[in-house]
Each structure stands twice: as C-alpha cells, then as structure tokens.
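Structure assessment
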Amino acid sequence: MASRSTFHLACEILTDWLRRSVAHDPDLGDEEWSAILTAARVHGVGPRLAPILGDAPWVPPEIAGWIEAEAEINRQRVGRLCVEGAEILGVAAALGVRVLPLKGLALSAHLPRREIERRPMADLDLLVRPGDLPALHDLLVELGYGRSSSKAKHDEYLPKAGRQVA
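We now turn to the structure provided with this report. (Residues numbered from 1 in each chain as written. Predicted model: local features only at pLDDT ≥ 70, side-chain atom pairs only at ≥ 80, totals over all residues. Heavy atoms only, no water.)

1. Re the packing of aromatic side chains
The description of two aromatic rings rests on the distance between their centres and on the angle between their planes. All chains considered together, the criterion is met by three aromatic pairs. For the pair Trp17 and Trp58, a centre-to-centre distance of 5.9 Å together with 45° between the ring planes defines the contact as tilted. Taken together, the residues span a long stretch of sequence, with Trp17 in helix H1 (residues 4-20) and Trp58 in the loop between helix H3 (46-53) and helix H4 (61-95) at a distance of 41 residues. Its relative accessible area of 0% is what places Trp17 among the buried residues. Its relative accessible area of 23% is what places Trp58 among the partly exposed residues. Clustering of aromatic rings is evident, with ring pairs tying together Trp17, Trp33 and Trp58. (Phe/Tyr/Trp six-rings, centres within 6.5 Å; stacked < 30°, edge-to-face > 60°. Helix = DSSP H or I, 4+ residues; strand = E, 2+ residues; numbered from the N terminus. Buried < 20%, exposed > 50% of the residue type's maximum accessible area, 1.4 Å probe, protein only.)

Structure follows, in structure tokens:
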C-alpha cells in the first residue's frame, strides 16, 4: 500500500478534480496512481470520476478501465434501487402508509438521471412514523424483502430474493 503521504497526495488530487469537475495531468508514477485508485475506492468516487477524466490520454488504461467499470456497476445498481424504491413508495401510498424517502432515493426525484447515476447509492433509506412500522413491515415482506436486523432507531431489510445490491 502507498505511504501515508502518497495517499494524502492522492486524496488532494481527487478532491481537486471533483471540486473543479476538470482533470489535469498530475504526471504521476505507478505508486501515486495506485494511491489514487485506493483513495477512489475508499471514498466511493469512481462513478464521479468517469465524466471528469473522460478520455484523458494520460490516465493509465487499468485505472480508466476500473473507473468505467465502476460507473457502469453504479448505473445498474442505482437504476435497480430507484425502480425498487418507486415500487415500495407506490404500494405504500396505495395502502395509505406514509413513507418519506431519504438520501439517495429522495435525490433521485430531483436530480437529472445522469447525476443520480454518478452518485454512490447502496441502499434505500425510508422514514416512517412508528405507528406505521407494522404496515410497512407487512408491505416489504409482501414485496419479497426480509428483515435482517432490528435496532433501536431502524430496521434493516434484505433485498428481494436473488437480487443482491453490490
């Protein structure tokens, strides 16, 4: 793994690219590119790098390939989550269960599709009144979800059988 200072440099470069939405050739060696790849993985920014780095000729092919693969995986995952979230919200509304989408699912209704597809999203966050929890639980079970854990402030459900969220 890259040294702390190399990783720090990689984070600074990534921050600059993401903040400006423009990439410059940092003229890096293999160790620094490896640190950029590690930092991008750690911070989940691979999908955001695809439009910024584009077809920059100075990006090593293995890094460019990883970025494009991350962008495609994220597009598929986010698309699937948005469809499932819309299904849950639609059924809940039809049953009179008030559910408020949070975080990624809430943003998906307000951002352009290309922006949503670049945002990392791994789950669906829903807010429901405590009295509506039993009805939401029944709804999720009927849609094929299963409760995986129950904590003081939230319950977690696994996705439909045979469909994993990567």
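And the narrative resumes.
2. Considerations on the pairing of strand E4 (residues 155-158)
Relative to E4, strand E3 (residues 146-150) runs antiparallel, the two being bridged by four bridges. The partner of Gly146 across the bridge, within E4, is Leu158. Where E3 hands over to E4, the hairpin turn is made up of four residues, counted between the paired strands. (Pairing = 2+ DSSP bridges.)

3. Looking at H3
Burial of H3 is extensive: six of the eight residues sit out of reach of the surface. Along H3, the residues classified as buried are Gly46, Pro47, Leu49, Ala50, Ile52 and Leu53. Downstream of H3 by a residue or two, Gly54 has a phi angle that is positive, lying close to 50°.

4. Some thoughts on H4
For H4, built from 35 residues, the straight-helix expectation of 51 Å at 1.5 Å per residue is met to within 8% by its first-to-last C-alpha distance of 51 Å. Two residues or fewer after H4 comes Gly96, characterised by a positive phi angle close to 80°. (Expected span 1.5 Å × (residues − 1).)

5. Some points on the side chain of Thr6
Position of Thr6 among the secondary structure elements: in helix H1. Setting aside chain neighbours within four positions, we find Thr6 in contact with Glu31, Glu32 and Ala35. (Contact = heavy atoms within 4.5 Å.)

6. Considerations on the pattern of salt bridges
Summed over the entire model, instances satisfying the criterion amount to six salt bridges. The closest approach of N and O atoms between Asp155 and Arg147, which form a salt bridge, is 4.0 Å. What makes Asp155 partly exposed here is its relative accessible area of 28%. The exposure class assigned to Arg147 is partly exposed, which follows from its relative accessible area of 41%. In this structure, Lys151 engages Glu156 in a salt bridge whose closest nitrogen and oxygen atoms are separated by 3.5 Å. Residue classification places Glu156 among the partly exposed positions, given a relative accessible area of 31%. One continuous salt-bridge network, built from bridges that share partners, spans Glu68, Glu72 and Arg75. (Salt bridge = Lys/Arg side-chain N within 4 Å of Asp/Glu carboxyl O.)

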